[in-house]
Amino acid sequence: MRKIIVLSMISLDGVLQGPGGPEEDTSGGFKYGGWTAPYGDEAYNEAIRKELQPADYLLGRKTFEIWENYWPTHGDFWPSINEGNKYVLSTTRDQSDWKNSTFLKGVADIKKLKKSAGSDIQVWGSSELIQLLLEHDLVDELRLKIHPLTLGKGKNLFSNGPIPAAFTLIDSYATTKGVIMANYKRAGEVKTGNVGAE
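The structure presented is a predicted model; accordingly, all values stated were derived computationally and were not measured.

Criteria and thresholds
- Residues numbered from 1 in each chain as written.
- Predicted model: local features only at pLDDT ≥ 70, side-chain atom pairs only at ≥ 80, totals over all residues.
- Heavy atoms only, no water.
- Buried < 20%, exposed > 50% of the residue type's maximum accessible area, 1.4 Å probe, protein only.
- Helix = DSSP H or I, 4+ residues; strand = E, 2+ residues; numbered from the N terminus.
- Arc of directions from axis to C-beta.
- Contact = heavy atoms within 4.5 Å.
- Phe/Tyr/Trp six-rings, centres within 6.5 Å; stacked < 30°, edge-to-face > 60°.
- Lys NZ or Arg CZ within 6 Å of the ring centre and 35° of its normal.
- UniProt positions renumbered as here; feature names shortened; annotations may be inferred.
- Core = buried A, V, L, I, M, F, W, Y, C linked by side-chain atoms within 4.5 Å.
- Salt bridge = Lys/Arg side-chain N within 4 Å of Asp/Glu carboxyl O.

## A closer look at helix α4 (residues 107–115)
Taken together, the buried positions of α4 are occupied by Val107, Ile110, Leu113 and Lys114. Buried residues of α4, seen end-on, are gathered within an arc of 120° and therefore sit on one face of the element. Along α4, the residues that are exposed and aim more than 90 degrees away from the buried face are Ala108, Lys112 and Lys115. At its buried positions, α4 is contacted by β1 (4–11), β2 (56–60), β3 (86–89), β4 (101–104), β5 (121–124) and α5 (127–135).

## Details of the environment of Gly188
Tracing the backbone through its elements, the reader meets Gly188 in the segment after β8 (180–186). Take Gly188: its relative accessible area is 34%, and that puts it in the partly exposed class. C-alpha separation for the pair Gly188 and Leu52, spaced 136 residues apart in sequence, amounts to 29 Å. Other than its neighbours up to four places away in sequence, Gly188 contacts Ala165 and Ala166.

## A short note on unusual backbone geometry
In this structure, Asn100 takes a positive phi of about 65° despite not being glycine. Looking at the element boundaries, Asn100 is found in the loop between β3 and β4. A relative accessible area of 33% places Asn100 in the partly exposed class. Positive phi, normally seen in glycine, also occurs at Asp137, with a value near 55°. Positionally, Asp137 belongs in the loop between α5 and β6 (141–147).

## A short note on the packing of aromatic side chains
Within this structure, the stated rule accounts for ten aromatic pairs. Measuring from centroid to centroid gives 5.6 Å for Phe64 and Phe103, while their planes differ by 80°, and the two rings are edge-to-face. Within this pair, whereas Phe64 is found in helix α2 (residues 61–68), its partner Phe103 is found in strand β4, the two being separated by 39 residues in sequence. For the pair Phe64 and Phe103, a shared accessibility class is recorded, and that class is buried. An aromatic cluster of at least three residues, connected via ring pairs, comprises Tyr57, Trp67, Tyr70, Trp71, Phe77, Trp78 and Trp124. Here the basic side chain of Lys86 rests over the ring of Trp98, its NZ or CZ set 4.5 Å away from the ring centre. The ring of Phe167 is capped by Arg186, whose NZ or CZ atom sits 6.0 Å from the centre of that ring.

## Here's the deal with the UniProt feature "domain: Bacterial bifunctional deaminase-reductase C-terminal" (unreviewed entry) in the protein chain
Per the UniProt record, the feature "domain: Bacterial bifunctional deaminase-reductase C-terminal" (unreviewed entry) sits at residues 2–180. As annotated, residues 2–180 comprises 23% helix and 23% strand, and the C-alpha atoms at either end are separated by 26 Å.

## As for the nonpolar core
Formed by 27 residues in total, the largest nonpolar core has its most connected members in Tyr57, Trp67, Trp78, Ile81 and Trp124. Broken down by secondary-structure element, the contributors of at least two residues to this core are β1, α1 (42–51), β2 and α2. The contact partners of Ile81, leaving out residues within four places of it in the chain, are Tyr57, Trp67, Trp71, Lys86 and Trp98. Ranked by size, the runner-up nonpolar core spans 24 residues in total, among them Val107, Ile121, Leu133 and Ile146.

## Overview of the pattern of salt bridges
Scanning all chains against the criterion turns up 14 salt bridges. As a salt-bridge pair, Glu128 and Lys62 come within 3.1 Å of each other at their nearest N and O atoms. Of the two residues, Glu128 sits in helix α5 while Lys62 sits in helix α2, which places them 66 residues apart along the sequence. A residue is classified by how much of its surface remains accessible, and Lys62, at 43% relative accessible area, is partly exposed.

Structural data, given as structure tokens:
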């Protein structure tokens, strides 16, 4: 079974909207596009380089359309995005001229994809899709870049309330600019008890 891995740049309050630039996603009047720009350093850049290695991708329609209009002509920075398989969850589209793009209609299609043979599947951006995946317990790993700022409003990683789930930290470090790189894997059900009890 293939893993679904969510890669997300988030603020301390969980906002993931428009990290890359002012015009990336202004929906809802969001005015802080490009908020990750001040936080780059060598450790951050190295993490990004590793994540740009060949993979398959699962995207929401809005993220796909942003990418579809940009990456085909900017592939020298991220060659594998054009060559990789792109699976797009959409109820309004079923085709694209961007090569290796396949459209899915719902959760059943995602579950079928997850059970198929192939490489792990990365989810970038796509806040509504991430909500759906978390709601249906389909996320195997969260690779978070937690930035030291709050944004108040904007699309949020956990805005719809995922199902209760436990995760195990598998890797973490902080960059020189204070970004916490934290990778978690799914680890069963939430356990409860009394603090301090043996």
